[in-house]
Every structure is written in structure tokens, then in C-alpha cells.
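# Observations on the three-dimensional arrangement
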Amino acid sequence: MKTVGVVGCGLMGSGIAQVSAMAGLTTWVREVDQPTLDKGLGRIRKFLDDGVAKGKVTAESRDETLGRLKGTTELQDFATCDLVIEAVVESMDAKRQVFSTLDRIVPASTVLASNTSSLSITEIASTASRPERVLGLHFFNPVPLMKLVEVIRALPTSDAAFDAARGFVERLGKTAVVAKDTPGFVVNRLLVPYLLDAVRIYESGVASKEDIDNGMKLGCGYPMGPLTLLDFVGLDTTYSIANIMFEEFKLPQYAAPPLLKRMVLAGYLGRKSGRGFYDYSMT
Ligand code: 3HC
């Protein structure tokens, strides 16, 4: 594997493109327009600069990584990619559109992966003329720091595509967890009900948000409390994952609490909007 393509340069796409380029692979990353692309590439540059300032990345490695990154607004530029990872919005329509376009552009040998956290990989694969080369590669936020990638086999995924994707994860220096194509895979299947329960506890007045967060941070050694983590992941993202999981399983633990829905409707999406459970307007 020499060349990787990443569709989407948002929070996840930029992280995936960064770790791919850091692993020595020529990495194309595509956004819908130049300003959005510039913003995503700027996020990568800042992360690498911060890494240099912290003594975690050498200036030489930062420059080489940036040299391997190629931004574009055209999927046509992915024609030489050995692996393409889609990281666009969590919408089946948007993903199906990306996969059907890629299907026409990339060679037959290219592996196609989705970074979806909850949508069906098998349904995404059904768009492709070669569904056997489609699978899931689910990364975690912040991608450059989190050591896990879930590798998801759709029903038609071939061994060759699966082995190539797993080899890619190893090349990134990350650990692969293999999961079946079910909503939430392993991590979100466990994490999402926990986050929703934290909102339910807060909503019913059991404890303050700070005490709920400190409870899990100090009592269980989690790096972030659940409400801080919700702000970090995005309330809209968690709400959408919960809805997809509830739709599939019809179990109450996946039902979004009323407060979460109302916060999303109010635009309190967490860090990215400046306000979630906590206020980030000054950061
Ligand atoms: N470059 C290189 N290294 C960096 C860096 C940079 N720009 N910035 C930070 N680091 C390093 C630090 O030097 C430090 O390294 P050390 O452990 O060797 O000292 C390490 O990364 C941690 O950084 P910080 O000390 O600055 O920050 P924290 O200790 O506060 O950790 C965190 C930040 C890693 C985000 C931690 O709070 C955490 O793990 N939070 C939980 C995140 C989580 O759960 N993510 C998953 C969300 S779910 C998801 O994504 C799935 C989706 O489908 C919803």
C-alpha cells in the first residue's frame, strides 16, 4: 500500500489523513470546497506544530508528513489510491453517493472503507459494483492520540480486503478490534448507553454535571467524565448514533433522553458550537 485517499477533512477525516501521512503513505484528502479543505488542513498543521512544541514530533517528521498530504476538492484525484477511507457526515445518502462515485474512479483492486460509527457497512457496500472490497474502519477522536481502530466486516467483505485494511491499521501503529457489522460495533454499543444514562441522571437531578463527571473520572479512572466526553464527541453526533441504534434494536437503553434532543435543537452541540453541557465560548 502506497497511496491512501480520505474523503472528508472534518474532525475525523483530518485526523485519519494525518496518521496516514505520518505512517509514510502519500495521502490525498478531499473536501467539498477550498475553504473547508483549508480549515481541515490547518487543523492538521496545528496538531503537528503543537506536537513539535510538546517535543512529541520532530520538525523534520512534521514537514515530511505535510509533504505527503495532498488536499483536493476532486474525487478524480483518488484514481491511484490503494485504499480510500470515507469520513463524511453520518448520513446513508451522503455515504452511498461517495461510494458509488468512488466505484467509478478507483481501480478494481482498491479497498473502500467507511469510518461510520453506526450505519450498516453492508448497506453502504450494496452501492458498490464490487461489494467484496468494502468494509468499515472506525477511528476514535482525537484520531492521532487514540490507539484503537475497529475493523468491520460487511457480509460480502473479502479476506483480501479485510487483510489489507488490518495491515493498514498495524502500519499506523494502532490496535485493531474486529467487529461484526451491527450498529455501534463494540465501542459505541457500550459507550452510547453509558453517555445517554449520564444525561438521564443529570436530567432527573440526581447530581450536578460536575459531580457526575468527577464521579466517573475519579471513581473509575476515566480520562473524561461522560458529560465532558459528550461535549467533546458532539451532542448531535451522539444523538444521531443513538437514533440509529434505537431504530435497529428498539431497546430503551439506546433511546435519546429528551434533554439531549432539546440541546441539539437549541444548537448546544458541545465544544464545536461553543456550548454544550459546559461553556467553551472563551476557549
Ligand atoms: N502531538 C503529539 N502528541 C500530543 C499532542 C500533539 N499535538 N497533543 C497531546 N499529545 C500527547 C501528550 O503529550 C500526552 O502524551 P503523554 O501521555 O505521553 O504525556 C497525550 O497526548 C495526552 O495529551 P494531553 O496531556 O495534552 O491531554 P489529556 O491528558 O487531557 O488527554 C485526551 C486528552 C487524549 C483527549 C483524553 O482526555 C482522552 O483520552 N479522552 C477521552 C477521549 C475518548 O474517549 N475518545 C473516544 C470518543 S468516542 C469516538 O470517537 C467514537 C465516535 O464514533 C463517537
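Residues numbered from 1 in each chain as written. Predicted model: local features only at pLDDT ≥ 70, side-chain atom pairs only at ≥ 80, totals over all residues. Heavy atoms only, no water.

### A few points about helix 1 (residues 11-22)
Taking 1.5 Å as the rise per residue, helix 1 with twelve residues should run 16 Å; its terminal C-alpha atoms sit 17 Å apart, in good agreement. Along helix 1, ten of the twelve residues are buried, which leaves the element largely enclosed by surrounding structure. Downstream of helix 1 by a residue or two, Gly24 has a phi angle that is positive, lying close to 95°. (Helix = DSSP H or I, 4+ residues; strand = E, 2+ residues; numbered from the N terminus. Expected span 1.5 Å × (residues − 1). Buried < 20%, exposed > 50% of the residue type's maximum accessible area, 1.4 Å probe, protein only.)

### Examining a nonpolar patch on the surface
A cluster of nonpolar residues, Phe47, Leu145 and Met146, forms a patch on the protein surface that exposes about 250 Å² of accessible area. Along the polypeptide, Met146 turns up in the loop between strand 6 (134-139) and strand 7 (148-153). (Patch = residues over 30% accessible without salt bridge, like charges linked within 9 Å, V, L, I, M, F, W, Y side chains within 5 Å. Areas by Shrake-Rupley, 256 points an atom, 1.4 Å probe, with all protein chains shown as cover. Salt bridge = Lys/Arg side-chain N within 4 Å of Asp/Glu carboxyl O.)

### Description of the site of the ligand
Inspection of the region around the ligand gives 18 residues, with Phe47, Lys56, His138, Asn141 and Asn188 positioned closest. The backbone of Phe47 places a nitrogen or oxygen atom 2.9 Å from a nitrogen atom of the ligand. Between His138 and the ligand, the recorded distance is 2.8 Å, taken from a side-chain N or O atom to an oxygen atom. When the ligand is considered free in solution it has 1100 Å² of accessible area, and contact with the protein chains removes 63% of it. When residues of the shell around the ligand are traced back to their parent elements, those giving at least two are helix 2 (34-53), helix 7 (187-203) and helix 9 (226-233). Sorting elements by how many residues they give to the shell around the ligand places helix 2 first, with three residues. Among the residues forming the shell around the ligand, the class breakdown is ten nonpolar, five polar and three charged. Domain assignment of the residues forming the shell around the ligand places at least three in each of domain 1 (3-180) and domain 2 (188-273). (Near = heavy atom within 4 Å. Polar contact = N/O pair within 3.5 Å; in protein donor to acceptor, adjacent residues only side chain to side chain. Nonpolar A, V, L, I, M, F, W, Y, C, P; charged D, E, K, R; others polar. Domains from an automatic or database assignment.)

### A few points about unusual backbone geometry
Omega for the bond connecting Asn141 with Pro142 falls within 30 degrees of zero, at 0°, which places this linkage in the cis form. Here Pro142 is to be found in the loop between strand 6 and strand 7. One non-glycine residue, Phe185, adopts positive backbone phi at about 50°. Looking at the element boundaries, Phe185 is found in the loop between strand 8 (175-180) and helix 7. Judged by its relative accessible area of 3%, Phe185 falls in the buried class.

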